[in-house]
Amino acid sequence: MSFRFGRLPLLWQTLWLIVFTLIASGAVSIFFTMAFPQPRLDFYALRDIAESLDDPRGLLRGRYSDPQLTVSTVAEAPTTDDSNMRTHAQISSDLAAQLKVPVERVRLFYKADQTNFPFRYKQNDAGVPLRLGEPQFYNTVIAAVQQDDGSWRMVRTPERPTITRVQRRIVYNFIFALLLVLPLAYLFARQMSDPIKRFVAAAERAGADNAPAVPLEGSVEMRNAAQAINAMQKRLADMLAERTAMIGAIAHDLRTPLARIAFRIEGAPDSVRSAVMNDIEQMRAMIAATIAFMRPGGGELLHMRPVDLSQILAVIAANGQAMGHDLTFEPQAGWMLGDELALGRLFQNVVDNALTYGGGAKVAIRTEDGRVVVTVADQGPGIPESMLDDVFKPFNRGDPSRNRATGGVGLGLSIARSIAIAHGGMLHARNRPEGGLLMTATFPAIAAPGDAILVAGDSRSPADGQDDRAAA
């Protein structure tokens, strides 16, 4: 039943939920109506007062009387000092006529009240609503009739309640209907929302290397959307594989003429040979960087395992400090699932960018809201706001110069972002208010494994591992 309901279109799931809510609310209302007596309206017509006064033995009690009416016998005629209480000659005369006694044997006092929200009655000199000429009392009434023995039979109605009995019954109906509907509505809503949550989580991983397919579950719309995303992810993977193969073939073909040029230039004068060899090395570096960028994960064959980013960053910081760079690091454990060498390449590129263009770097790591956050702040002039996203575009550099002395070919940050995305994270840039550029990388965090292999246990630095892999 649950499985079939969850596979219905969202329109029908929502419609059935609404229908069930209406049926449940109606069932509660019918139950209260049949199981409990209907509450009396909180007003008293003049005939109600007369019938209570004309029932000395309680023969009519249960049909006409109200448990909130106070019926008593007193020796003296009732009076009142309450300035809000009034009397009216015509109403007193009508009451005496209904009791079939002289008007002198009747006493009637009441509080004027012509409001019964949301209704408003026409004002009259009696101060109470008149329905077909009969007074309707919504507030306190004191009425009495003198009996044959000289005593007075007195009836007193209660004060006007803030919430009437009918209104309380409506509130009880609502509360019980809510208690009945809410748990089942929660189950229905959760059955509809859980596949959406899993769909969103899988869709966020779509496009990353080795990302699992979006599960085909939930409503018809969810399953159609999951199929579309899986098909799109397959097309992207196929297109990327074809593009990588094409670039690899071009690079392979270019290596041969470059090697011939390098061989033939050996006999040239030193000044010419040196300039040409520099150009050849730059072309080789550009080809290698382009091939690396075209591959998923920035050129790395990702080997995912628990990694503490603080260990990788500590190695990068120590190497930079050993070379005399203005580089500081605030260590703090930050565990994630990733490839050690690929992550080392990512942060090496970001730190190198900060050292080259910012004059120094301050690296920090923290874990918050289930994410590992790494920040790299430099001391440079920053980048115009309109160009912040451009620094991650291929072959784009903050320094327009193409001189190899000031940097690479403009793929370092592009590769860094592609590695971050391949790990389910992201790399962003923004200007700091105090000056300089702040690079922020975020990744999904994991709990620190008790027997995890420390990534610092390898004597190689991330750069060494990258060189070994590139050579392979």
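Each value, and the rule that gives it
Residues numbered from 1 in each chain as written. Predicted model: local features only at pLDDT ≥ 70, side-chain atom pairs only at ≥ 80, totals over all residues. Heavy atoms only, no water. Helix = DSSP H or I, 4+ residues; strand = E, 2+ residues; numbered from the N terminus. Buried < 20%, exposed > 50% of the residue type's maximum accessible area, 1.4 Å probe, protein only. Contact = heavy atoms within 4.5 Å. Areas by Shrake-Rupley, 256 points an atom, 1.4 Å probe, with all protein chains shown as cover. Phe/Tyr/Trp six-rings, centres within 6.5 Å; stacked < 30°, edge-to-face > 60°. Lys NZ or Arg CZ within 6 Å of the ring centre and 35° of its normal. Pairing = 2+ DSSP bridges. Core = buried A, V, L, I, M, F, W, Y, C linked by side-chain atoms within 4.5 Å. Axes fitted to C-alpha atoms, helices over the stretch in contact; angles between N-to-C directions. Parallel < 35°, antiparallel > 145°, perpendicular 65-115°, else oblique. Left-handed = near helix turned anticlockwise from the far one by under 90°.

Draft legend 1. Representation of the overall build of the protein chain in the model. Counting secondary structure elements, the protein chain contains 11 helices and 17 strands. Burial status across the protein chain gives 38% buried among its 472 residues. Contacts in the protein chain between residues far apart in sequence, at least 24 positions, make up 68% of those at least 6 positions apart. When the accessible surface of the protein chain is totalled, it reaches about 27100 Å², and 60% of it is carbon and sulfur.

Draft legend 2. View of the packing of aromatic side chains. Counted according to the given criterion, the structure contains 2 aromatic pairs. Where Phe347 meets Phe443, the ring centres are 6.2 Å apart and the plane angle is 70 degrees; that geometry is what we call edge-to-face. On the criterion of sequence distance, the pair formed by Phe347 in helix α9 (residues 340–358) and Phe443 in strand β17 (residues 437–444) is long-range, its members being 96 residues apart. A relative accessible area of 2% places Phe347 in the buried class. By relative accessible area, Phe443 is classed as buried at 0%. When the ring centre of Phe392 is taken as origin, the NZ or CZ atom of Arg417, which lies over that ring, is 3.9 Å away.

Draft legend 3. View of the sheet that holds strand β8 (residues 134–137). Strand order in this open sheet of 3 strands is β1-β8-β7, and the pairing throughout is antiparallel. Single-partner strands in this sheet number two, and they are β1 (44–45) and β7 (130–131). With 2 bridges connecting them, β1 and β8 associate as antiparallel partners. From the neighbouring strand, Tyr44 faces β8, where its bridge partner is Phe137.

Draft legend 4. Spatial organisation of unusual backbone geometry. Positive phi is not limited to glycine here, since Leu132 has a value of about 55 degrees. Relative to the assigned elements, Leu132 resides in the loop between β7 and β8. You can call Leu132 exposed: its relative accessible area is 82%. With phi around 55 degrees, Asp369 is a residue other than glycine that occupies positive phi space. Within the secondary structure, Asp369 sits in the loop between β14 (361–368) and β15 (371–378).

Draft legend 5. Examining the nonpolar core more closely. Counting 39 residues, the largest nonpolar core has Leu309, Phe347, Met439 and Phe443 as the members making the most contacts within it. Secondary-structure elements contributing two or more residues to this core are α8 (309–322), β12 (327–330), α9, β14, β15, α10 (412–422), β16 (426–431) and β17. If one sorts the elements of this core by residue count, α9 sits on top with 8 residues. Of all hydrophobic cores here, the second largest spans 21 residues; its members include Leu53, Leu69, Val106 and Leu108.

Draft legend 6. Seen up close, the packing of α8 against α9. Relative to each other, α8 and α9 sit at 50 degrees, their axes nearing to 10 Å. It follows that α8 is oblique to α9 by the angle criterion. Here the hand of the crossing between α8 and α9 comes out right-handed. Along its contact with α8, which presents Leu309, Ile312, Leu313 and Ile316, the element α9 presents Glu340, Leu343, Gly344, Phe347, Gln348 and Val351.

Draft legend 7. The sheet that holds strand β4 (residues 106–111), seen in detail. Across the sheet, 5 strands lie side by side as β2-β10-β9-β4-β3; this open sheet has antiparallel pairing. In this open sheet, the two strands that pair with only one neighbour each are β2 (70–74) and β3 (85–86). Against the sheet, helix α4 (residues 89–99) contacts β4 and β9 (141–146), and its axis sits at roughly 130 degrees relative to β4.

Draft legend 8. Expanded view of the side chain of Lys111. Assignment of secondary structure puts Lys111 in strand β4. Accessibility expressed as a relative area gives 16% for Lys111, which makes it buried. With residues up to four places along the chain from it excluded, the contact list for Lys111 reads Asp82, Asn84, Met85, Val128, Asn139, Thr140 and Glu159.

Draft legend 9. Region of interest: the environment of Gln68. In this fold, Gln68 is placed in the loop between α3 (46–53) and β2. Each C-alpha atom of the pair Gln68 and Pro158 lies 6.5 Å from the other, and the pair is 90 residues apart in sequence. With residues near it in sequence (within four places) discarded, Gln68 still touches Asp42, Tyr44, Arg156, Pro158 and Arg165.

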